[in-house]
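Each chain is listed here by its residues.
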Amino acid sequence: GADILSMAFVKLWKKIYLQLEHPEDYIRFNLTVHDEIDFYVRNECLSILVPMIIDCMTTQMSDWPFPIIVGL
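Colleague: Got a minute to help me understand the overall build of the protein chain in this structure?
Modeller: Counting its secondary structure elements, the protein chain contains 2 helices and 2 strands. Listed N to C, the secondary structure of the protein chain is α-β-β-α in terms of helices and strands. Taking 72 residues into account, the globule formula puts the C-alpha radius of gyration at 11 Å, and the protein chain, at 12 Å, falls close to it. Considering only C-alpha atoms, the protein chain reaches an extent of 40 × 20 × 20 Å along its principal axes.

Colleague: Would you take a moment to explain the nonpolar core for this structure?
Modeller: Inside soluble globular proteins, nonpolar side chains tend to come together where they are buried. Counting residues in each nonpolar core, the largest one holds 13 residues, and the members touching the most others are Leu 12, Ile 16, Ile 27, Ile 37, Phe 39, Ile 53 and Met 57. Within the residue set of this core, elements represented by two or more residues are α1 (2-17), β2 (36-41) and α2 (46-57). Looking at this core element by element, the count peaks at 5 residues for α1. In this structure, Met 57 is in contact with Ala 8, Leu 12, Ile 37, Phe 39, Ile 68 and Val 70, ignoring residues within four places of it in sequence.

Rules used throughout
Residues numbered from 1 in each chain as written. Predicted model: local features only at pLDDT ≥ 70, side-chain atom pairs only at ≥ 80, totals over all residues. Heavy atoms only, no water. Helix = DSSP H or I, 4+ residues; strand = E, 2+ residues; numbered from the N terminus. Rg over C-alpha atoms; globule rule 2.2 N^0.38 Å. Core = buried A, V, L, I, M, F, W, Y, C linked by side-chain atoms within 4.5 Å. Buried < 20%, exposed > 50% of the residue type's maximum accessible area, 1.4 Å probe, protein only. Contact = heavy atoms within 4.5 Å.

Following this line, the structure appears as structure tokens:
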């Protein structure tokens, strides 16, 4: 589980935090609890950032029959 969370953090960093000029104005990491990564996201950015977050946190390895999916 920790490895999957680490992969999700790297994907989130590359896709969201490095792409936005001031990411702290749109999204803030709050904490992790067991298998969750919790964020604060501005309401006006939800329609853009939520699909990106879901994409980054979904994990599919080539030899796995099913992906590990996420929910909000």
